[in-house]
Amino acid sequence: MSALVRVEGVRRDYRAGGDVVHAVRGVDLAIDAGEWVAIVGPSGCGKSTLLNLLGAIDTPSAGRVFVRERDVSSLGDREATRFRLLDVGFVFQRFYLMPALTARENIELPMAEAGVPRDARRARAMELLAYVGVADRARHFPAQLSGGEQQRVAIARALANRPALLLADEPTGELDARTGAEIIALLSRLNREGTTLVVVTHDEELAASAQRVVHMRDGVIIDNHSRDAGLIVPVRMQQGEGERTVRWPLRTLIAWLFVGRQCDEVRAVLARGETERDGTRAAWAPVHLSPEELTAIERTFPAAAPSRALDPRRARAWLVTSNGSAPLVPDDSRIVEAAPQATYRWFDYGVWADVWEARHGDGVVRFEMPRDGERAPWSTAP
Ligand SMILES: Nc1ncnc2c1ncn2[C@@H]1O[C@H](COP(=O)(O)OP(=O)(O)OP(=O)(O)O)[C@@H](O)[C@H]1O
Ligand SMILES: [Mg+2]
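Residues numbered from 1 in each chain as written. Chains lettered and ligands numbered in written order. Predicted model: local features only at pLDDT ≥ 70, side-chain atom pairs only at ≥ 80, totals over all residues.

### Overview of the nonpolar core
Then, number 1: Counting 92 residues, the largest nonpolar core has A38, I39, A156 and V198 as the members making the most contacts within it.
Then, number 2: Per element, the largest residue contribution to this core is seven residues, and it comes from helix α8 (residues 250–258).
Then, number 3: Those residues in contact with A38 that sit more than four places away from it in its chain are V199, T201, L206, A207, A210, V213 and V214. (Core = buried A, V, L, I, M, F, W, Y, C linked by C-beta atoms within 7 Å. Buried ≥ 20, exposed ≤ 12 C-beta atoms within 10 Å, placed from the backbone. Helix = DSSP H or I, 4+ residues; strand = E, 2+ residues; numbered from the N terminus. Contact = placed C-beta atoms within 7 Å.)

Set out below in structure tokens:
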């Protein structure tokens, strides 16, 4: 499969006064459709310059940028404008909404430029406003919106013409931590639903949400680390005399290790390359992950669903006491008594199910409800 974006030997020199600034000094990079790449590095290292080259806002002094196998580094003005309008979406730190236009009109603007008929663009703008969570702000002007709302509108505008690629330069740079987290959640959702994202950021949370982090320094890429949760790790399982090797995606190994452990312990165990669980000894080649990398993978696990309803007839029920836990048969009266009192606890990776608990007598009744169509990734059941 060919990459959505391919950067080959790209340099960008700026002439300022009598001096030449080598903003980008030879970058090679490939980005596949559906990826989420964060570009990080110290101020002035060339991140924005590189992003602008990807989006044909700027042209390289040397080298080429291909998007969908098309050389966008040598487009004429008209073609470049068309490419920026239809094939990429831009999101900036400072939003850059048109102050005299309402939120809806701002989103309609790129569609109007692309020749989308009025009714169609109006409908799409309303749909996008709802999608980014500001449907009730359609008639507001940018000055009447909060920073977070303006950025949502700017993201909707960037999506208007359904670009293949969304480029964002410090999209949370002007926002407080909470609003920034909401924008990160919105970007995550976009990516899950198929948008390819390239995001320049200083925001560690934002970088941690990406699949891959490209580190730049002085105009070059110094690290291009894919935290590929799908990396296959052979794990040797030893139980008594028996021994077998399973080939698990890294994500599966991590989910398995998370049972009963916190992030820091999982990281340490991963780096140690061995552990024991339920009488099985497991060993693998040590994997070193940063806390951010581990968090990014953990975020791909099912999230708790606190609003999910408990159906005691479908749940596996256990009585947990200081002596351990014992299964309860379906018509046990303790199930009926405990169920109305039970409160949602969490999604338990160990049993791969949502868990509710209620105190009962001198123990706790625990309900485990698997999710439809889902089973533990390490499960060998067909
Ligand atoms: N138009 C320009 N003319 C001259 N020099 C420029 C121009 N644009 C950028 N530069 C220089 O190129 C280098 C890279 O700039 P760039 O904006 O890409 O950095 P950055 O990594 O995005 O930094 P920041 O994190 O501060 O946004 C810097 O030294 C900058 O001063
Ligand atoms: Mg910058």
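### Here's the deal with the site of ligand 1
Then, number 1: Near ligand 1 the following residues occur: Y14, A16, V21, A23, S43, G44, C45, G46, K47, S48 and T49.
Then, number 2: Of all elements in the fold, only β1 (5–16), β2 (19–31) and α1 (47–54) reach the threshold of two or more residues within the shell around ligand 1.
Then, number 3: With three residues, α1 is the largest single contributor of residues to the shell around ligand 1.
Then, number 4: Partitioned by chemical class, the residues of the shell around ligand 1 number five nonpolar, five polar and one charged. (Near = placed C-beta within 6 Å. Nonpolar A, V, L, I, M, F, W, Y, C, P; charged D, E, K, R; others polar.)

### Points about the pairing of strand β18 (residues 353–360)
Then, number 1: Pairing of strand β17 (residues 343–348) with β18, which is carried by five bridges, proceeds in the antiparallel orientation. Along β18, the bridge assignment pairs Y344 with W356.
Then, number 2: Between β17 and β18, which pair antiparallel one after the other, the connecting turn spans four residues, and W352 there sits at a positive phi close to 55°.
Then, number 3: One ladder, built from eight bridges, connects β18 with strand β19 (residues 363–370); its direction is antiparallel. When the bridges of β19 are listed, A358 appears paired with V365.
Then, number 4: From the end of β18 to the start of β19, which pair antiparallel, there are two residues, and G361 there has a positive phi angle of about 55°. (Pairing = 2+ DSSP bridges.)

Shape descriptors only; they carry no functional weight alone.
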